[in-house]
Amino acid sequence: MKITDFSVKNYQFTLIVFVMLIAIGVNSLLNMPRGEDPDFAAPNFSVVVIYPGTSPKDMEELVVDPIEKRMNELDDIKRVISRMDDGLAVIQIEFKYETDPDKKYQDVVREMDALKNELPPDIFDINIQKFNPSDVNIIQIGLLSETTPYKDLEEWSKKLKERLEKVKTLKNVDNWAFPQQQVRVSLQLEKLAQYGIPLNKVLGAIQSENVNIPGGSIEMGEKKFNIKTSGNYKSIDEIKNTIVSNANGKLVYVKDIAEVNFNYEEQTYIARLNGKRGVFVTASRKMGTNIFAVEKEVKPILEQFKKELPKSITYEQSFDNAHSVRTRLGGFTRDFAIAIFLVLLTLLPLGLRASIVVMVSIPLSLAIGLFLLDMFGITINQLSIVGMVVALGLLVDDSIVVVENIERYLRMGYGRREAAMEATKQIGLAVIGCTVTLIFAFLPLMFLPEGAGDFIRSLPAAVVTTVLASLFVSLTIVPFLSSRILSNHENPEGNFFLRGLKKFIGGSYRRLLNVAIARPVATLLVALAIFVGSLALVPVVGFSVFPASEKPMFLINIETPLGTSLQSTNQVAHYVEKEISSLPDLKNYATNVGRGNPRIYYNVVPQNEVSNYAQLFVQLKETPPAEKRKLIDQLRAKFRHYPNAKIEVKDFEQGPPVEAPIAIRLFSEDLDTLRSLAFRVEALLKKTPGTIYVNNELTTLKTDLRVKVNKEKAGLLGVPVNEIDRTIRMSVAGLNIGTFRKENGDEYNITVTLPRPAGGEERQTFEAFSKVYVTSVTGASIPLNQLADIRFETSPVTIKHYEKDRYTVTTAFVQSGYNTGKLTGSIIKQLDTMKFPANSHYVAAGEVEASKESFGGLGTIVLITIFGILGTLILEFKTFRGTLIVLSVIPLGIIGAVLMLLATGNTFSFVAVIGLIALIGIEVKNSILLVDYTDQLRKQGMSLDKAIQEAGETRFVPIILTTLTAIGGLLPLVIENNPLYSPLALVIIGGLISSTLLTRIVTPVLYKLLAPKVTQ
């Protein structure tokens, strides 16, 4: 080959290229961004609307319906899912995955700004959140104290937050778990009635005084002066001394009709770390940054901050993602070292010098591969490293085949330089064909759609770039090094290991091959029977999407009955803390009462604030996945029968976020029908063996207080209905009427409300209604009980929309030892026999839906892989017969893949199927070498049977060596026992073993039956 001849003849130039490639590879290695998971952005957003005191039905009508209508009109919308709770609505907007997230975010912001005039004016807050899998917090810090007031903890957490915000590689720096301070104006409605002052007049007086209007500027002589007006409030006393009205010649101030003071808002979130009261500070890193570089910037800030803290406050870092990434990368470094050692062992039959030449191709190929990955913007993460480890066993294949052929030519008497050029020329086309088919197996995986494709992309990209690099190395650097290093004084039969391998081939393999060639039809029927038998085992193996996470951490979710106070939920959290504090491998645990833990995993979005919910984030020391699973099962058994609360222990899952492994969505516009269906599905899930944590959101109805206004009476007395609603809201929830800014820049809401009950309780009681007076248009104050009746009524806890249709979802998790796919299949069969009312239906969600989205792109990928390989083979062999003989290896590899998964208890998960696709390219590669050499021997005039036998024996050595190196490279991934990528390694190893053993017999037999025509 010309490129080989050029490399051997111009060795000085080849040497310069050699050094350059190493240099650019090392440069990329040092400068590439590092993180635990790949960086990718999804065009998914949440609009969170907070409207305190609003029921789900009112929230649906007043807030969600207009927002959904506007969002559905946007281009490229995929789906809109909404959830309405008391005072809270969350609208999830998902665009088609291929769209630009930044552009779509701007579209959502623009539409929400345009929509504000159509929404109720007293909405407390509208927040548009991006959902980026990369927005995971990399640090979570606890500032802990049992005695320090919350305002001091808030102050210190704010100082840390401000310092971290200056680090340019960080984003989403936030502090959590302290009640916000506010300026509370507690109105005495009886005094308002006494003075005859309407509520609107009080609100207007405070708002008009708290306005900072620039006065402009004037010129006096040659100078220009800015005019400062009265401005906004500077102190609490200024609010107290605000004039409300002039009653009978006497000025009435705010202090005459209300108490004004600093106070805490109602506490909705309590946090503890290892049982100690405190607040949290969290931060995430920006995309494309190196987590270790970020850590280097942040560490001095944290160390300095620790020194400044008062003795009463303890600093503890509960979560450190950089440590986790360092541990993970350290594990991969160990895996790499083991893989290189195993690859080196498999090279022993080649001899020391030949092994050195082959081993040189490893750092070279990896260096070029890293440079290409860096050029394509791919980071160093767990999946790109797995790709490198997978490639490690494959990238030496080309070099082994070339070196082994050069060695063979040397033993035939050629000189080193001639042997390097002639041997590479003879095998070059086959090597190119092998590599192209391998690349065709991995390349389409780089274009998988949706989030699953983005998540997995680093793995095939690492394999493709590294294997492509290895092809270049094997045709240039390897022949050059062989011409310089290999010796032509070797034993004609090779070294001790090679002679032993040949003896095995010459004995048992030759006899077996002769028997098989003599009985070709019987041999193929046996192979077919084994293949069909393995296919029959596929349902037994089962299917799944993504496995559980291998990280040594899990969540404990606590849910108490609806309406339970925060303090009662906190008592259950205390019980759980006591039970887990003595776990043997416990590292730490963060308790969150009233809210989910700040985000620490890419597909888990924290629960918004609600009083009957708590979550514990538990971290263990370096605990293997199997041990963690046992511990989770033990805790599930312990917490299962806790009275009056649901305590659920949940592992983190890989892949796109799902409601639960088993989820059934039920659709109906009638809420009573939905509730009835939910009960029926809940009963079905509970009686299905293998389910756990069955959840029906509509189990209980909420009891609300309905203020029934007598509109006729209100009209006669001149009281507008909206004035009644406004006064009730002010009395119970409070009205936010402005902002008070301290001199240091801190801002606090000014909230007008009724006085809170004595005893420190922040919630209003039923007694508040007896103090409510409503002002008529004439200025008269009328007690609320003269205009309205207050009665109890039931209402739904939550209303949910899926694509604007009302729905609910009934979910279940799966016990250890059960297959999610099989359980879901049996449940769907029973649902199909269930009678549904008119205008109602169900949709299977959970893993079923996730698998459709994740595997949905695999059909196209498989077709591209098959036809890409077919095209390559047709170009190489020029006949359909030769192509068919090469492809006969595929079913033989599937046999080993299925048996390996069955033996190890794994399922056909998303990554296992990717392993199967990759296996096709790897095993076809070996088959090409055999068929290509058989064709060459026949072209030289050798008879069919003799050519088949000679090729089988000659090519057995490089095929065995390349197979062993591939297995050696993958073994560390199996030993790692990682549920994400170990199945991929197992599939490839199992397939390689079966295809290597069976194709050495089946391919020659099939070649005899379908021998392609060759021209001698």
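Residues numbered from 1 in each chain as written. Predicted model: local features only at pLDDT ≥ 70, side-chain atom pairs only at ≥ 80, totals over all residues. Heavy atoms only, no water.

Per an unreviewed UniProt entry, the chain goes by the name Multidrug transporter AcrB and belongs to Niastella populi.

On to the overall build of the chain. In terms of regular secondary structure, the chain is built from 33 helices and 30 strands. The buried share of the chain, reckoned over its 1016 residues, is 56%. Counting only contacts in the chain whose residues sit at least 6 apart along the sequence, the fraction spanning at least 24 positions is 80%. Accessible surface for the chain amounts to roughly 43,900 Å². Of this, 57% is attributable to carbon and sulfur atoms. The positive charge centre, built from 109 side chains, and the negative charge centre, built from 104, are 6 Å apart in the chain. (Helix = DSSP H or I, 4+ residues; strand = E, 2+ residues; numbered from the N terminus. Buried < 20%, exposed > 50% of the residue type's maximum accessible area, 1.4 Å probe, protein only. Contact = heavy atoms within 4.5 Å. Areas by Shrake-Rupley, 256 points an atom, 1.4 Å probe, with all protein chains shown as cover. Lys, Arg positive; Asp, Glu negative; His and termini not counted. Charge placed at Lys NZ, Arg CZ, Asp CG, Glu CD.)

Attention now goes to the packing of aromatic side chains. Per the counting criterion, the structure on display carries 17 aromatic pairs. Seen from their ring centres, Phe45 and Phe95 are 6.0 Å apart, and the 70° between their planes marks the pair as edge-to-face. With Phe45 in strand 1 (residues 44-50) and Phe95 in strand 3 (residues 88-95), the pair connects residues that are 50 residues apart, well separated along the chain. Note on accessibility: Phe45 and Phe95 belong to one class, buried. Relative to Tyr802, the ring of Phe667 has its centre 5.9 Å away and its plane inclined at 80°; by these criteria the two rings are edge-to-face. One end of the pair, Phe667, is in strand 20 (residues 662-667); the other, Tyr802, is in strand 28 (residues 799-802), with 135 residues separating them in the sequence. With a relative accessible area of 7%, Phe667 lands in the buried category. (Phe/Tyr/Trp six-rings, centres within 6.5 Å; stacked < 30°, edge-to-face > 60°.)

Turning next to the nonpolar core. Formed by 177 residues in total, the largest nonpolar core has its most connected members in Phe442 and Val924. Not counting the four nearest positions on each side in its chain, Phe442 is found in contact with Val390, Leu394, Pro460, Val463, Val464 and Ala918. Ile93, Ala678, Val814 and Met834 belong to the second-largest nonpolar core, a separate cluster that totals 44 residues. (Core = buried A, V, L, I, M, F, W, Y, C linked by side-chain atoms within 4.5 Å.)

Turning our attention to the layout of surface pockets. By volume, the second largest pocket amounts to about 1,200 Å³. Lining the second largest pocket are 38 residues, with Pro547, Ala548, Arg629, Gly905 and Pro979 sitting closest to its centre. Elements with a minimum of two residues in the lining of the second largest pocket: helix 20 (538-541), helix 22 (625-639), strand 19 (646-651), strand 29 (805-814), helix 30 (889-904) and helix 33 (982-1009). Considering each element in turn, the lining of the second largest pocket owes the most residues, 5 residues, to helix 22. Across the lining of the second largest pocket, the residue classes break down as 16 nonpolar, 15 polar and 7 charged. Taken domain by domain, the makeup of the lining of the second largest pocket includes at least three residues from each of domain 4 (494-541 + 857-1015) and domain 5 (549-652). (1 Å grid on protein atoms, 1.4 Å probe; cavity = no way out; pocket = protein on both sides within 12 Å on 5 of 7 lines; lining within 4 Å. Points joined across faces, edges and corners; volume = space filled by probe spheres on them. Nonpolar A, V, L, I, M, F, W, Y, C, P; charged D, E, K, R; others polar. Domains from an automatic or database assignment.)

Taken N-terminus to C-terminus, the directions of helix 1 (residues 2-9) and helix 14 (residues 416-442) make an angle of 160°; their axes are 9 Å apart at the nearest point. Considering the angle they form, helix 1 stands roughly antiparallel to helix 14. Where helix 1 crosses over helix 14, the two elements pack in a sense that is right-handed. Here Thr4, Asp5, Val8 and Lys9 of helix 1 lie close against helix 14, whose contacting residues are Arg417, Ala420, Met421 and Thr424. (Axes fitted to C-alpha atoms, helices over the stretch in contact; angles between N-to-C directions. Parallel < 35°, antiparallel > 145°, perpendicular 65-115°, else oblique. Left-handed = near helix turned anticlockwise from the far one by under 90°.)

Moving on, we come to the domain arrangement of the chain. Note: interface size is frequently given as the accessible area lost on complex formation between the parts. Considered domain by domain, the chain is made up of domain 1 (1-31 + 351-492), domain 2 (42-131), domain 3 (198-215 + 227-256 + 702-795), domain 4 (494-541 + 857-1015) and domain 5 (549-652). Placing the centre of domain 2 and that of domain 5 at their C-alpha centroids yields a distance of 30 Å.

What follows deals with the sheet that holds strand 23 (residues 735-741). Here 4 strands make up an open sheet; going across it, the order is 12-7-24-23 and the pairing mixed. Edge positions in the sheet fall to strand 12 (258-264) and strand 23, since each has one partner strand and no second. Between one strand axis and the next, the sheet turns by 25° as a mean value, whatever way the strands run. Relative to strand 24 (residues 747-753), strand 23 runs antiparallel, the two being bridged by 6 bridges. Along strand 24, the bridge assignment pairs Asn736 with Thr751. (Pairing = 2+ DSSP bridges.)

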